[in-house]
Amino acid sequence: MRNLDRRGFLMSAGPAIAASRLSANDRLRVAVIGLRGRGRELIEGFHQLAGQNVEVAALCDVDQSVLAQRAADFEKLAGRKAPTFGDMRQVLDDKSIDAVGFATPNHWHSLGAIWACQAGKDVYVEKPGSHNLFEGRKLMEAARKYKRIVQHGTQNRSSPNIV
């Protein structure tokens, strides 16, 4: 991820979830759900935005060994511990978390993102956002109904160095 100032972060096509709801002094508290490959990259990417008032607020994975490893990796990276959860519903129940990044197995993307919208969280969800049109439409309906920001990631599609 490239370095961005706060305005660049807010305006970028990157994980600009929830930013429109923040004042200049607010901190965006993001949880990462699903911590393998892309999840690890989301942790690092969100952590790189710490200077723009973005905080990795929690880590969640059903695999306790992966969760423990990512928690240890995050502590080395950030110099602090992050709360850990084995069930995404615990993250969604936490009122102090503003947004979630989903890097779960694909079949959880739509449902997890819909649950997050219902819980009042903004969402960054990895590809695929859904398996079919029905799921995708339900996710869009949830985002509109609960007035949440949902961003679907496609990695290189928004990168400035990709032509």
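Here, every reference points to the structure presented above.
Predicted model only: the values in this text are computed from it and were never measured.

Focus: the overall build of the protein chain
Step number 1: Assigned secondary structure in the protein chain consists of 6 helices and 6 strands.
Step number 2: For the protein chain, the N- to C-terminal ordering of α and β elements is α-β-α-β-α-β-α-β-α-β-α-β.
Step number 3: Within the protein chain, the fraction of its 163 residues that count as buried is 42%.
Step number 4: Taking all contacts inside the protein chain whose residues are at least 6 apart in sequence as the whole, residues at least 24 apart take part in 66%.

Brief notes about the side chain of Glu55
Step number 1: Among the structural elements, Glu55 can be located in strand 2 (residues 54-60).
Step number 2: Separated by 3.4 Å, the side chains of Glu55 and Arg27 make a polar contact.
Step number 3: Of note is the side chain of Glu55, whose polar atom sits 3.0 Å from the side chain of Arg29.
Step number 4: Leave out the neighbours within four places in its chain, and Glu55 touches Arg27, Leu28, Arg29, Val30 and Arg80.

Thoughts on the pairing of strand 4 (residues 99-102)
Step number 1: Both faces of strand 4 are covered, namely the face carrying Ala99 and Gly101 and the face carrying Val100 and Phe102.
Step number 2: With 4 bridges connecting them, strand 1 (residues 28-33) and strand 4 associate as parallel partners. Bridged to Ala31 within strand 4 is Val100.
Step number 3: Bridging between strand 4 and strand 5 (residues 122-125) involves 4 bridges; their strand directions are parallel. Each residue of the ladder has a partner; that of Ala99, found in strand 5, is Asp122.
Step number 4: In this region the chain leaves strand 4, passes through helix 5 (residues 109-118) and returns to the parallel neighbour strand 5; the handedness of that crossover is right-handed.

A look at the packing of helix 5 against helix 6 (residues 133-145)
Step number 1: Contact geometry for helix 5 and helix 6: axes closest at 9 Å, N-to-C directions at 15°. As far as their axial angle goes, helix 6 and helix 5 are roughly parallel. Once helix 5 is placed against helix 6, the crossing between them reads as left-handed. Of the residues in helix 6, those in contact with Ser110, Ala113, Ile114 and Cys117 of helix 5 are Glu135, Lys138, Leu139, Ala142 and Ala143.
Step number 2: Tallied by class, residues from the contact of helix 5 with helix 6 come to 6 nonpolar, 1 polar and 2 charged.

Considerations on the sheet that holds strand 4
Step number 1: Judged by pairing direction, the sheet is parallel, and its 6 strands sit side by side in the order 3-2-1-4-5-6 without closing on themselves. At either end of the open sheet lies a strand with only one pairing partner, and these are strand 3 (84-85) and strand 6 (150-152).

Brief notes about the packing of helix 2 (residues 37-48) against helix 3 (residues 64-78)
Step number 1: It is at 11 Å that the axes of helix 2 and helix 3 come closest, and there the two elements cross at 20°. If you check the angle between helix 2 and helix 3, you find them roughly parallel. As helix 2 runs across helix 3, the sense of the crossing is right-handed. Across from Arg40, Ile43, Glu44 and His47 in helix 2, the residues of helix 3 making contact are Arg70, Phe74, Leu77 and Ala78.
Step number 2: For the contact of helix 2 with helix 3, the residue count by class is 4 nonpolar, 1 polar and 3 charged.

Overview of the pattern of salt bridges
Step number 1: For the structure shown, the criterion picks out 10 salt bridges.
Step number 2: The partner of Glu55 in a salt bridge is Arg80, with the nearest N and O atoms 4.0 Å apart. Here Arg80 lies in the loop between helix 3 and strand 3 and Glu55 lies in strand 2, a separation of 25 residues in the sequence.
Step number 3: Residue classification places Glu55 among the buried positions, given a relative accessible area of 17%.
Step number 4: When the shortest N-O distance is used, the salt bridge between Arg89 and Asp87 registers 2.7 Å.
Step number 5: For Arg89, a relative accessible area of 49% translates into the label partly exposed.

Basis of the calculations
- Residues numbered from 1 in each chain as written.
- Predicted model: local features only at pLDDT ≥ 70, side-chain atom pairs only at ≥ 80, totals over all residues.
- Heavy atoms only, no water.
- Helix = DSSP H or I, 4+ residues; strand = E, 2+ residues; numbered from the N terminus.
- Buried < 20%, exposed > 50% of the residue type's maximum accessible area, 1.4 Å probe, protein only.
- Contact = heavy atoms within 4.5 Å.
- Polar contact = N/O pair within 3.5 Å; in protein donor to acceptor, adjacent residues only side chain to side chain.
- Pairing = 2+ DSSP bridges.
- Right-handed = clockwise from strand over helix to strand, strands pointing away.
- Axes fitted to C-alpha atoms, helices over the stretch in contact; angles between N-to-C directions.
- Parallel < 35°, antiparallel > 145°, perpendicular 65-115°, else oblique.
- Left-handed = near helix turned anticlockwise from the far one by under 90°.
- Nonpolar A, V, L, I, M, F, W, Y, C, P; charged D, E, K, R; others polar.
- Salt bridge = Lys/Arg side-chain N within 4 Å of Asp/Glu carboxyl O.

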